[in-house]
Amino acid sequence: MTAALPPMPRHLPPDRLASLLRSAPKSELHIHIEGSLEPELIFRLAQRNGVALAYPSVEALRAAYAFADLQSFLDIYYAGASVLIEEQDFFDMAWAYFERAAADQVVHAELFFDPQTHTARGIDIGVVIGGLHRACEQARSALGIDASLILCFLRHLSEDEALATLQAALPYRTMFIGVGLDSSERGHPPQKFARVFAEAGALGLHRVAHAGEEGPPAYIEGALDVLQVERIDHGVRCVENPALVARLAASRMPLTVCPLSNVKLRVFATLAEHNLPALLAAGLCATVNSDDPAYFGGYLNDNLVASFAALPQLGVAEAYRLLRNGFEASFAPDADKAGWIARLDAAFAAAA
Ligand code: HPA
Ligand code: ZN
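Predicted, not measured: the structure shown is a model, and the values here were computed from it. (Residues numbered from 1 in each chain as written. Chains lettered and ligands numbered in written order. Predicted model: local features only at pLDDT ≥ 70, side-chain atom pairs only at ≥ 80, totals over all residues. Heavy atoms only, no water.)

*Asks:* Please explain the environment of Ala-272 as it appears in this structure.
*Replies:* Turning to its location among the elements, Ala-272 is positioned in the loop between α12 (259-264) and α13 (276-281). Here Ala-272 falls in the exposed class, since its relative accessible area comes to 51%. Ignoring any residue separated from it by four or fewer positions in sequence, one finds Ala-272 in contact with Ala-310 and Leu-311. (Helix = DSSP H or I, 4+ residues; strand = E, 2+ residues; numbered from the N terminus. Buried < 20%, exposed > 50% of the residue type's maximum accessible area, 1.4 Å probe, protein only. Contact = heavy atoms within 4.5 Å.)

Have a look at this one:
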């Protein structure tokens, strides 16, 4: 069930709705922090660390950001991450994200990170987690952003490698709140990671997984049934299975939807064809997120404003619902959620 709407205008002209979207407090639940690495910072870190890049300039690198599918993106995304060597690099990357997030009025963020992308290059996992954690602490003290980390396993690698990664992260257990599953989806079903997710659950970690981005609805069912996830990342292909949609709606299972990502990776041909309105109309707990904002053309406000501009079915009520879902679907304590939702309600009431 969803709660009754608080006082808010029934309609707003598009420009006023866009400005309400921009100024309202919001939560980001699907951001790969390595996907926030802007070309300028990639070049700065490459120079600082003496890393050679395959592109001669920032412009040449950015021009390469034309993707045919998830894998063609991942190839360039992993190459970009190769400039991250020192703890300070991981801090700088996350801090740059938090400054942009603050400008977008993000008050709560749960950041994915991919330790295996770095440990495979000989970087100590403590360097990765330490730098990211320090940025999260500073985000709280300097920007008022409540931030936490979710450790993702790369699904194109083996489950044994995921188990070894979880083991290596245990000395830093207090610095992350959960585990996720990302990278190449097709051919790597959730079942492959049953043991490592069971172990994470026994450790009291939250569990999420990418499913139903490029992969079939059966991968969403596998994530629910085998991995016991509390959120589905993307999940847009659920609509191909009406029984699954009914199950997701009845359980209020959150979907962390990333509209600009879906267009860049050709899950949908255009934003106007995105199924976000259909997901909301089906009663699903959909949220809007940025995924890999440096690669996909925008941060959280860009995703929201572009989606509402392209999809006339989305109005004030849908804006409120999406932003509220973002708080409800977070792993923050209930008291924090209630405080943010009160601020959200006030922002919508003031727009009348
Ligand atoms: N899908 C899967 N893996 C990823 C993504 C994504 O959109 N971004 C970064 N890793
Ligand atoms: Zn993602």
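Now that the structure has been shown, the text picks up again.
*Asks:* Please explain the sheet that holds strand β7 (residues 254-257) as it appears in this structure.
*Replies:* Picture the strands of a sheet paired through backbone hydrogen bonds; they go either parallel or antiparallel. Taken in spatial order, the 8 strands of this open sheet run β1-β2-β3-β4-β5-β6-β7-β8, and their pairing is parallel. The sheet is open, and its two edges are formed by β1 (26-32) and β8 (285-288), each paired on a single side. With direction set aside, neighbouring strand axes in the sheet form an average angle of 25 degrees. By the bridge criterion, 4 bridges tie strand β5 (residues 206-211) to strand β6 (residues 231-234) in an arrangement that is parallel. Within β6, the position partnered with Ala-211 by the bridge is His-234. Where helix α7 (residues 125-143) meets the sheet, its contacts fall on β2 (106-113) and β3 (146-154), and the angle it forms with β3 comes to roughly 155 degrees. (Pairing = 2+ DSSP bridges. Axes fitted to C-alpha atoms, helices over the stretch in contact; angles between N-to-C directions.)

*Asks:* Can you help me understand helix α2 (residues 39-49) in this one?
*Replies:* One full turn of an α-helix is made of 3.6 residues, so residues set three or four places apart face in the same direction. Restricting attention to buried positions, one finds in α2 the residues Pro-39, Leu-41, Ile-42, Leu-45 and Ala-46. On an axial view of α2, the arc spanned by its buried residues comes to 160 degrees, and they lie on one face. Along α2, exposed side chains directed more than 90 degrees from the buried face belong to Arg-44 and Gln-47. The elements touched by buried residues of α2 are α3 (58-63), α4 (70-80), α5 (87-103) and α14 (293-296). A positive phi of about 65 degrees marks Gly-50, the residue just after α2. (Arc of directions from axis to C-beta.)

*Asks:* Please explain unusual backbone geometry as it appears in this structure.
*Replies:* Working note: non-glycine residues mostly have negative phi, and peptide bonds are mostly trans. Non-glycine residue His-234 carries a positive phi angle of around 75 degrees. The topology assignment puts His-234 in strand β6. Judged by its relative accessible area of 0%, His-234 is buried.

*Asks:* What should I look at first to understand the pairing of strand β4 (residues 178-182) in this one?
*Replies:* Of all the 5 residues making up β4, 5 are buried; the element is thus mostly covered by neighbouring parts of the structure. Where burial is concerned, the two faces of β4 agree: the one with Gly-178, Gly-180 and Asp-182 and the one with Val-179 and Leu-181 are both buried. Running through helix α8 (residues 159-169), the crossover from β3 to the neighbouring parallel element β4 is right-handed. Across 2 bridges, the pairing between β4 and β5 is parallel. (Right-handed = clockwise from strand over helix to strand, strands pointing away.)

*Asks:* What is the right way to look at the packing of aromatic side chains in this model?
*Replies:* The description of an aromatic ring pair uses the distance of the two centres, along with the angle that the planes make with each other. According to the stated counting rule, one finds 14 aromatic pairs in the structure shown. Measuring from centroid to centroid gives 6.0 Å for Tyr-65 and Phe-67, while their planes differ by 25 degrees, and the two rings are stacked. Taking the relative accessible area as the measure of exposure, Phe-67 reaches 4% and is therefore buried. Put simply, the rings of Tyr-65, Phe-67, Phe-73, Tyr-77, Tyr-78, Tyr-295 and Phe-296 pair up and form one aromatic cluster. Above the ring of Phe-91, the side-chain terminus of Arg-134 is found at 4.3 Å from the ring centroid. Cation over ring: Arg-231 sits above Phe-331, and NZ or CZ is 4.1 Å from the ring centre. (Phe/Tyr/Trp six-rings, centres within 6.5 Å; stacked < 30°, edge-to-face > 60°. Lys NZ or Arg CZ within 6 Å of the ring centre and 35° of its normal.)

*Asks:* Even after reading the chapter, I still don't get the pattern of salt bridges, so can you show me in this structure?
*Replies:* Side-chain pairs of opposite charge can arise whenever the charged atoms involved come near each other. Under the counting rule described, the total for this entry stands at 16 salt bridges. In this structure, Glu-38 and Arg-100 form a salt bridge, with 3.9 Å as the shortest nitrogen-oxygen distance. Of the two residues, Glu-38 is situated in the loop between β1 and α2 and Arg-100 in helix α5; the sequence distance between them amounts to 62 residues. Where Glu-328 meets Arg-321, a salt bridge forms, and the shortest distance between an N and an O atom there is 4.0 Å. Assessed through its relative accessible area of 27%, Glu-328 is described here as partly exposed. What makes Arg-321 buried here is its relative accessible area of 13%. What emerges from the salt-bridge pattern is a single network uniting Glu-38, Glu-40, Arg-62 and Arg-100. (Salt bridge = Lys/Arg side-chain N within 4 Å of Asp/Glu carboxyl O.)

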